[in-house]
Amino acid sequence: MDAWPTTHLPKLPGLGASPRVFDTSTGGLVATPARPAADGPARIYVCGITPYDATHLGHAATYLAFDLVQRAWLDAGYDVRYVQNVTDVDDPLLERAERDQDDWQVLAMRETALFREDMTALRILPPYRYIGAVESIDLVVALVQRLIEQGAAYRVDEDVYFDVHAEPDFGSVSNLDPALREKIFGERGGDPDRPGKRHPLDCLLWQAERPGEPSWETPLGRGRPGWHIECAAIALEYLGAGIDVQGGGSDLSFPHHEMGAAEAQVVTGERPFAYTYVHAGMVGLDGEKMSKSRGNLVFVSKLRAEGHDPMAIRLALLAHHYRADWEWHAEDLERAEARLARWREAVSRPDAPSADPLLAELRERLADDLDAPGALAAMDRWADAVLAGPAADAVADPGAPGLASRALDALLGVAL
Ligand SMILES: Nc1ncnc2c1ncn2[C@@H]1O[C@H](COS(=O)(=O)NC(=O)[C@@H](N)CS)[C@@H](O)[C@H]1O
Ligand SMILES: [Zn+2]
């Protein structure tokens, strides 16, 4: 399906460094990609939305994190191949459509369209392939058939399950305490207690038709895809194994990314599925994670409809480190609007102190585990110096305001 329009990326002098980001599977900072740009594009798969209640600030903060990864890669001279899915058929979507007496396909299309609008307004770079679960059913079926042939998948009644013991590295993605796995699996869509499974953590690959639910006629019988295999199938088809980054919010590390990686590794025999697993923190409101089930959501489209500049929304999100769990407060937006106005004032001056040190500092902050708050502080210092008026010994540089705004645009996606 269509993604959304791309946004202009100004050219900057010189090159930035490959970013070092926190890798969930090793529990430390790793440089990504771990190879030179000449070896080919940097490949990233970021899990897309389940299209209802889009686009809340939690979604936006997570997609912004991976926008920063790509901007750092592009600035370091890499080509980028970015793929994102849309989980346009799955239990939560069908439940919401049922609740609202909505057609699930219309709901999915409407919410996906709103998501594209919000991503465009926030100047999030689009994926080069934006793929829905429904349009990927044949890819999923082929992988499930392969797993069955390999003895890594089996039937429970008419459904098909993945045997987690088929993957020797199972558990290495999330590094979740094994004692917590069944509980978290059950809380996030899994069915640890289903009788007939070889292991409680074995997960659904293919769900046979249930009355009143959408289903597709396939060699596996009538049914629909499981959640984790959807992302494995789409990533393998459009990026191949051994991608540089698998990304998503921290609530996806287990079971979703653990299962997807295990399924991909068994089916391809190639390890690792991804060299780096990057997870963004959770955005909350009033002491709770912003989530569809709780309904405590702040929507990008609502803030935009209230007349807030999308660049201020982006700036409010950038003020928090991508891995932090944090709470949204309305004042965040007021502070971001004031900051934006100061920066716009500073770059409108006819000249300013050289922006070369600023460019270097923005690059350094981004390369240091995507330290956007540190980058914003560097821009604050530069803008304060400009607005304070030229220091006696300062050499005014008429090109400095332009370089500062191009650097902000290319590296942080903030258009002044
Ligand atoms: N409160 C939140 N804060 C930060 N990120 C969030 C929050 N809620 C959801 N996300 C992230 O937003 C992305 C989309 O979430 S979602 O709509 O529930 N969809 C899914 O998780 C699946 N479609 C992934 S294949 C995921 O990466 C999820 O981790
Ligand atoms: Zn996914």
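Here the structure is a predicted model, which means the values were calculated and not measured.

Trainee: Which residues make up the site of ligand 1, and what are the values?
Mentor: The environment of ligand 1 is made up of 24 residues, and the closest members are Gly-48, Thr-62, Thr-87, Asp-251 and Met-290. At 3.2 Å, a side-chain N or O of His-59 approaches an oxygen atom of ligand 1. One of the side-chain N or O atoms of Asp-251 is found 2.5 Å from an oxygen atom in ligand 1. Taken by itself ligand 1 offers 600 Å² of open surface, and the protein chains cover 94% of this. Of all elements in the fold, only helix H1 (57–75), helix H6 (227–238) and strand S11 (243–249) reach the threshold of two or more residues within the shell around ligand 1. For the shell around ligand 1, the leading source of residues is H1, giving four residues. Residue composition of the shell around ligand 1, by class: nine nonpolar, 12 polar and three charged.

Trainee: Tell me what's going on with the coordination of the zinc ion (ligand 2), and back it up with residues and numbers.
Mentor: Those donors, Cys-47 (SG), Cys-231 (SG) and His-256 (NE2), are the protein atoms that reach the zinc ion (ligand 2), and they lie 2.0 to 2.2 Å from it. All donor residues of the zinc ion (ligand 2) come from one chain, and their arrangement in sequence is C-x183-C-x24-H. One end of the pair, Cys-47, is in the loop between strand S3 (42–46) and H1; the other, Cys-231, is in helix H6, and 184 residues separate them in sequence.

Trainee: Please set out the domain arrangement of the protein chain residue by residue, giving values where relevant.
Mentor: When cut into domains, the protein chain gives domain 1 (20–289) and domain 2 (302–412). Taken over C-alpha atoms, the centre of domain 1 sits 33 Å from the centre of domain 2. On the side of domain 2, 26 residues touch domain 1, which itself brings 32 residues to the contact. Between domain 1 and domain 2 lies a buried interface of about 2,500 Å² when both sides are counted; carbon and sulfur atoms form 59% of it. Sorting the residues of domain 1 by area buried against domain 2 places Leu-57, Leu-68 and Leu-122 first, and these three jointly supply 22% of that buried surface. Taken together, the links from domain 1 to domain 2 amount to five salt bridges. Arg-314 serves as the salt-bridge partner of Asp-67, at 2.6 Å between the closest nitrogen and oxygen. The set of elements that each furnish at least two residues to the side of domain 1 that touches domain 2 consists of strand S1 (20–23), H1, helix H3 (104–121), strand S12 (274–280) and strand S13 (283–285).

Trainee: Can you explain the sheet that holds strand S4 (residues 80–86)? Please cite residues and give values.
Mentor: If you trace the five strands from one edge of the open sheet to the other, you get S5-S4-S3-S11-S12, paired in parallel fashion. Each having just a single partner strand, strand S5 (129–132) and S12 make up the two edges of the open sheet. Across the sheet, the mean angle separating the axes of adjacent strands is 20 degrees when strand polarity is ignored. Pairing of S3 with S4 involves five bridges; the strand directions are parallel. Residue pairing in the sheet places Ile-44 in a bridge with Tyr-82 of S4. Sheet strands touched by H6: S3, S4 and S5. Its angle to S4, the strand with the most contacts, is close to 150 degrees.

How each quantity is defined
- Residues numbered from 1 in each chain as written.
- Chains lettered and ligands numbered in written order.
- Predicted model: local features only at pLDDT ≥ 70, side-chain atom pairs only at ≥ 80, totals over all residues.
- Heavy atoms only, no water.
- Near = heavy atom within 4 Å.
- Polar contact = N/O pair within 3.5 Å; in protein donor to acceptor, adjacent residues only side chain to side chain.
- Areas by Shrake-Rupley, 256 points an atom, 1.4 Å probe, with all protein chains shown as cover.
- Helix = DSSP H or I, 4+ residues; strand = E, 2+ residues; numbered from the N terminus.
- Nonpolar A, V, L, I, M, F, W, Y, C, P; charged D, E, K, R; others polar.
- Donors = N, O, S within 2.8 Å, 3.2 Å for Na, K, Ca; no water.
- Domains from an automatic or database assignment.
- Contact = heavy atoms within 4.5 Å.
- Buried area = accessible area lost by both parts, 1.4 Å probe.
- Salt bridge = Lys/Arg side-chain N within 4 Å of Asp/Glu carboxyl O.
- Pairing = 2+ DSSP bridges.
- Axes fitted to C-alpha atoms, helices over the stretch in contact; angles between N-to-C directions.

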